[in-house]
Amino acid sequence: MPENDPSVKDEKYQIRIRDLRKSFKGQEILKGINLDIERHKINIIIGGSGHGKSVTMKHLMGLLKPDSGHIYVDGLDLVPMTEYQLNKIRHKFGMVFQYAALFDSMNVFENIAFPLIEHTKKSKGEIKDVVTKALESVNLPGIEHKFPAELSGGMRKRVGLARSIVMEPEVLFYDEPTTGLDPIATKNVDDLIASINEKFGVTSVVISHDMASTFRIAHRISMLYGGLIVAEGTPDEILQCSDLNLQEFLTVSGVSVKGEARN
Ligand SMILES: Nc1ncnc2c1ncn2[C@@H]1O[C@H](COP(=O)(O)OP(=O)(O)OP(=O)(O)O)[C@@H](O)[C@H]1O
Ligand SMILES: [Mg+2]
């Protein structure tokens, strides 16, 4: 864990969670999360179902308030912020939802243009250019006129990603972006996460169940277990980590581990 003050903007870590706790109906789900997110890198959060990954991400986006703890974004703590202050910070964020959440009654152009019309003063011509480039970035050039119902699941996710990048976010959040996709569509989405990370220099925060994807694209991996981060580091550090819950998770997921506790 880096030692410098998390309430001061740090060059390496853009987001820093400290001692985050959250209970629902008396049941403690987050039990003191400490997590650092590296700027411009792909940060992947892994862990079993129900261990608190989505709840953690919702706190990062300012959608849930914790019972206690801190979430520093560039040194500013989200936790005490008002909704007005949070809305300003959220302009740095883009979100890619599990089920793409496109508007079925709008075509692809209208779906991607929507945030630009709502939140910017760009002209029609500028918006057209941005949408064209966004569709090129997700390898779907020229499908502006199609409707969501005409697209495959993988294409819908890519259109969702195009809609997220038009607002030029600094941080992109993905909650299980490859759920429901076959291995080839999964690899396409992985490759896109990696290319968008590099092309736009964003900070990517990804929740994933898929260990093949995780080890293919992650710069940094954090494992959530029982409401705590039990391991974090580079993919190599994670493979060497001796935490038994992590090793068990990796072994069950078909990843061969090098730690000493297992043979
Ligand atoms: N708004 C809520 N109210 C009550 N309980 C909640 C709420 N949101 C999440 N929980 C509970 O918190 C726990 C963690 O949920 P979370 O969605 O973070 O799991 P997860 O790690 O994302 O799992 P999965 O991999 O299945 O998506 C679960 O037991 C869930 O029922
Ligand atoms: Mg989840």
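Residues numbered from 1 in each chain as written. Chains lettered and ligands numbered in written order. Predicted model: local features only at pLDDT ≥ 70, side-chain atom pairs only at ≥ 80, totals over all residues.

Once that is clear, we can look at the confidence of the model for the protein. Residues at a pLDDT of 70 or more form 95% of the protein, whose mean pLDDT is 91. Note that residues 259-263 has pLDDT below 50 and, in this model, eleven contacts with residues that lie over four places away or in other chains. (pLDDT = per-residue confidence, 0-100. Contact = placed C-beta atoms within 7 Å.)

Turning to the pairing of strand β9 (residues 220-225), a few remarks are in order. With respect to burial, β9 is a largely interior element, five of its six residues being buried. Two strands pair when backbone bridges link them, and strand β3 (residues 42-46) and β9 are joined in this way by four bridges, in the parallel orientation. If you follow I46 over to β9, its bridge partner there is M223. Bridge count for β9 against strand β10 (residues 228-233) is five bridges, and the pairing is antiparallel. Directly across from L224, in β10, lies its bridge partner I229. Where β9 hands over to β10, the hairpin turn is made up of two residues, of which G226 adopts a positive phi near 60°. (Buried ≥ 20, exposed ≤ 12 C-beta atoms within 10 Å, placed from the backbone. Helix = DSSP H or I, 4+ residues; strand = E, 2+ residues; numbered from the N terminus. Pairing = 2+ DSSP bridges.)

As a further point, take the domain arrangement of the protein. Each assigned domain of the protein is listed here: domain 1 (1-92 + 175-263) and domain 2 (102-168). Taken over C-alpha atoms, the centre of domain 1 sits 27 Å from the centre of domain 2. With ten residues of domain 1 at the interface, the matching set in domain 2 holds eight residues. For the side of domain 1 that touches domain 2, a count of residues per class yields seven nonpolar, two polar and one charged. (Domains from an automatic or database assignment. Nonpolar A, V, L, I, M, F, W, Y, C, P; charged D, E, K, R; others polar.)

Moving on, we get to the sheet that holds strand β6 (residues 93-96). An order of β6-β7-β8-β3-β9-β10 is seen for the six strands of this open sheet, with the pairing classed as mixed. Since the sheet does not close on itself, it has two edges, and those belong to β6 and β10, each with one partner. With strand direction ignored, the average angle separating the axes of adjacent strands in the sheet is 20°. Across the sheet, helix α5 (residues 153-165) is in contact with β6 and β7 (171-175); its angle to β6 comes to roughly 170°. (Axes fitted to C-alpha atoms, helices over the stretch in contact; angles between N-to-C directions.)

This part takes up the environment of N34. By the secondary structure assignment, N34 is in strand β2 (residues 27-38). Once the C-alpha coordinates of N34 and E232 are considered, the two residues, 198 residues apart in sequence, prove to be 10.0 Å apart.

Turning to helix α1 (residues 53-60), a few remarks are in order. Across the eight residues of α1, six count as buried, placing the element largely inside the fold. Turning to α1, its buried residues number three or more, namely K53, V55, T56, M57, H59 and L60. Looking one or two residues beyond α1, the residue adopting positive phi is G62, at roughly 75°.

Attention now goes to helix α3 (residues 108-119). Turning to α3, its buried residues number three or more, namely V108, N111, I112 and A113. On its buried face, α3 is in contact with α4 (124-137) and α5.

For N139, which is not glycine, the phi dihedral falls at a positive 60°. Tracing the backbone through its elements, the reader meets N139 in the loop between α4 and α5. By C-beta crowding, N139 is classed as partly exposed, having 13 other C-beta atoms within 10 Å. At E176, a position not held by glycine, the phi torsion is positive, near 50°. Positionally, E176 belongs in the loop between β7 and α6 (183-200). Owing to 18 C-beta atoms within 10 Å, E176 belongs among the partly exposed residues under this scheme.

Let us look at the sheet that holds β2. Consider a sheet: its strands pair through backbone hydrogen bonds, and that pairing is either parallel or antiparallel. Taking strand neighbours across the sheet as the criterion, the four strands line up as β2-β1-β4-β5 in an open arrangement whose pairing is antiparallel. With partners counted over all chains shown, the strands left at the sheet margins are β2 and β5 (76-77), one partner each. Contacts from α1 reach β1 (13-24), β2 and β4 (68-73) within the one sheet, and its direction differs from that of β2 by about 60°.

Turning our eyes to something else, we now look at the packing of α3 against α5. Here α3 crosses α5 at 30°, and the two axes come no closer than 7 Å. Classed by the angle they form, the pair α3 and α5 counts as roughly parallel. The element α3 and its partner α5 pack so that their crossing is right-handed. Contacts between α3 and α5 pair V108, N111, I112 and P115 from the former with V159, A162 and R163 from the latter. Broken down by class, the residue content of the contact of α3 with α5 amounts to five nonpolar, one polar and one charged. (Parallel < 35°, antiparallel > 145°, perpendicular 65-115°, else oblique. Left-handed = near helix turned anticlockwise from the far one by under 90°.)

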